[in-house]
Amino acid sequence: MTPEELEDFRKLEASLPRYHMRLKDWVVVTPFMIPFVLFLLPIYLYHWLVKDPYKKHDQVA
């Protein structure tokens, strides 16, 4: 990028508002996020650790 393009990019980046998570936001989001993660974690681990018994049929010679 040329120096002019970099300067335009910096101006554009400075003009965009930045959102910072507040404690209030964490308190609202966390009670929904933790059960969702705890629900999906065993499913993920099961599919990651247990071999698929039908996978051996995927290899066609």
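Our structure's up above, just so we're on the same page.
None of these values were measured; they are calculated from a predicted model. (Residues numbered from 1 in each chain as written. Predicted model: local features only at pLDDT ≥ 70, side-chain atom pairs only at ≥ 80, totals over all residues. Heavy atoms only, no water.)

**So, the overall build of the chain**
Turning to step 1, where the next piece is worked out: When helices and strands are tallied, the chain shows 2 helices and 0 strands.
Turning to step 2, where the next piece is worked out: Here the chain has a C-alpha radius of gyration of 24 Å; the compact-globule value for 61 residues is 10 Å, and the former is much larger.
Turning to step 3, where the next piece is worked out: Its C-alpha atoms give the chain principal-axis dimensions of about 60 × 45 × 10 Å.
Turning to step 4, where the next piece is worked out: Taken across its 61 residues, the chain has 2% of its residues classed as buried.
Turning to step 5, where the next piece is worked out: If you average the places of the 8 positive and of the 8 negative side-chain charges in the chain, the two averages end up 12 Å apart. (Helix = DSSP H or I, 4+ residues; strand = E, 2+ residues; numbered from the N terminus. Rg over C-alpha atoms; globule rule 2.2 N^0.38 Å. Buried < 20%, exposed > 50% of the residue type's maximum accessible area, 1.4 Å probe, protein only. Lys, Arg positive; Asp, Glu negative; His and termini not counted. Charge placed at Lys NZ, Arg CZ, Asp CG, Glu CD.)

**A short note on the environment of L38**
Turning to step 1, where the next piece is worked out: Examined against the element boundaries, L38 turns out to sit in helix α2 (residues 23-49).
Turning to step 2, where the next piece is worked out: The class of L38 is exposed, set by a relative accessible area of 56%.
Turning to step 3, where the next piece is worked out: Spatially, the C-alpha atom of L38 lies 33 Å from that of P17, the residues being 21 residues apart in sequence.

**Regarding the environment of K11**
Turning to step 1, where the next piece is worked out: By the secondary structure assignment, K11 is in helix α1 (residues 3-15).
Turning to step 2, where the next piece is worked out: Judged by relative accessible area, K11 falls into the exposed class, the value being 53%.
Turning to step 3, where the next piece is worked out: C-alpha of K11 to C-alpha of W48: the two residues are 37 residues apart in sequence and 46 Å apart in space.

**What about the pattern of salt bridges?**
Turning to step 1, where the next piece is worked out: Within this structure, the stated rule accounts for 2 salt bridges.
Turning to step 2, where the next piece is worked out: For R10, the salt bridge is made with E7, and the minimal N-O distance between the two is 3.8 Å. With R10 and E7 both in helix α1 and 3 residues apart, this pair spans about one turn of that helix.
Turning to step 3, where the next piece is worked out: R10 sits in the partly exposed class, given a relative accessible area of 48%.
Turning to step 4, where the next piece is worked out: For E7, a relative accessible area of 36% puts it in the partly exposed group.
Turning to step 5, where the next piece is worked out: Between D25 and R22 there is a salt bridge, with its nearest N and O atoms 3.3 Å apart.
Turning to step 6, where the next piece is worked out: Assessed through its relative accessible area of 13%, D25 is described here as buried.
Turning to step 7, where the next piece is worked out: A residue is classified by how much of its surface remains accessible, and R22, at 46% relative accessible area, is partly exposed. (Salt bridge = Lys/Arg side-chain N within 4 Å of Asp/Glu carboxyl O.)

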